[in-house]
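Descriptive analysis of the structure
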Amino acid sequence: MILSLPVLTLSLFLLKPAEAYSRQSSLRPTAEEVIAEVNALRSANNLPVYQVNSILMVIAQTQADYIAGKGVITHFGADGSRPYQRAIAAGYATSHLVDSFLRIFMAARTCRRLK
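Keep in mind that what you see is a predicted model, and the values were worked out from it rather than measured. (Residues numbered from 1 in each chain as written. Predicted model: local features only at pLDDT ≥ 70, side-chain atom pairs only at ≥ 80, totals over all residues. Heavy atoms only, no water.)

1. What about the overall build of the protein chain?
Counting secondary structure elements, the protein chain contains 6 helices and 0 strands. Along the protein chain, helices (α) and strands (β) appear in the sequence α-α-α-α-α-α when read from the amino end. Buried positions account for 26% of the 115 residues belonging to the protein chain. Sequence separation of 24 or more characterises 45% of the internal contacts of the protein chain that already satisfy a separation of 6 or more. Total accessible area on the protein chain stands at roughly 8,100 Å², and carbon and sulfur atoms take up 62% of it. (Helix = DSSP H or I, 4+ residues; strand = E, 2+ residues; numbered from the N terminus. Buried < 20%, exposed > 50% of the residue type's maximum accessible area, 1.4 Å probe, protein only. Contact = heavy atoms within 4.5 Å. Areas by Shrake-Rupley, 256 points an atom, 1.4 Å probe, with all protein chains shown as cover.)

What follows is the structure in structure tokens.
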């Protein structure tokens, strides 16, 4: 399964915030550290680990930098683009987008049912 950096970051802090903050290293983990921790948590719970996609990593970091600079959380890019538009423009295959959106949609539905 392929996932972007913002979703991975959110997953890490929602799933095990105390463990994430108790780390001896930095309170500002690198993308690689976040992915490693999320995958360790997933593996410990018998879930498949996420695979990193370099195109999505660049898109996610660019958006994160934009959000940090603007100080407002938004899915729209600096040019007004939406996430799927940025992915397509960067060369991410459309079939992967459909698969990713379906997985996210199904996970969201499952989470709503559990509440």
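2. Some words on the side chain of Arg42
Along the chain, Arg42 falls in helix α3 (residues 31-44). In terms of polar contacts, Arg42 uses its side chain to reach the side chain of Tyr50, at 3.1 Å. Sequence-distant contacts of Arg42, that is, excluding residues within four places in its chain, are made with Leu47, Pro48, Val49 and Tyr50. (Polar contact = N/O pair within 3.5 Å; in protein donor to acceptor, adjacent residues only side chain to side chain.)

3. Thoughts on the environment of Phe76
Checked against the element boundaries, Phe76 lands in the loop between α4 (54-70) and α5 (83-89). Between the C-alpha atoms of Phe76 and Arg86, which are 10 residues apart in sequence, the distance is 9.5 Å. Ignoring sequence-local partners within four residues, the contact set of Phe76 consists of Gln63, Tyr66, Ser81, Arg82 and Arg86.

4. As for the side chain of Gln63
Mapped onto the elements of the fold, Gln63 is located in helix α4. From its side chain, Gln63 meets the backbone oxygen of Thr74 in a polar contact 3.0 Å long. Beyond its immediate stretch of four places on either side in the chain, Gln63 contacts Thr74, His75, Phe76, Gly77 and Arg86.

5. Overview of α3
Helix length check: α3 (14 residues) gives 20 Å between terminal C-alpha atoms against 20 Å at 1.5 Å per residue, within 8%. Residues of α3 that are buried: Ala31, Val34, Ile35, Glu37, Val38, Asn39, Leu41 and Arg42. Just past α3, the residue Asn46 takes up positive phi, approximately 55°. (Expected span 1.5 Å × (residues − 1).)

6. Re α4
If you check α4, its first and last C-alpha atoms are 24 Å apart, about what 17 residues at 1.5 Å a residue would give, namely 24 Å. Of all the residues in α4, the buried ones are Leu56, Met57, Ile59, Ala60 and Gln63. All buried residues of α4 project into a common sector of 165° when viewed along the axis, lining one side. Opposite the buried face of α4, at more than 90 degrees from it, the exposed residues are Ser54, Val58, Thr62, Ala68 and Gly69. The opening residue of α4 is Asn53, an N-cap whose side-chain oxygen sits 2.9 Å from the backbone nitrogen of Ile55. Positive backbone phi, approximately 80°, marks Gly71, located one or two places after α4. (Arc of directions from axis to C-beta.)

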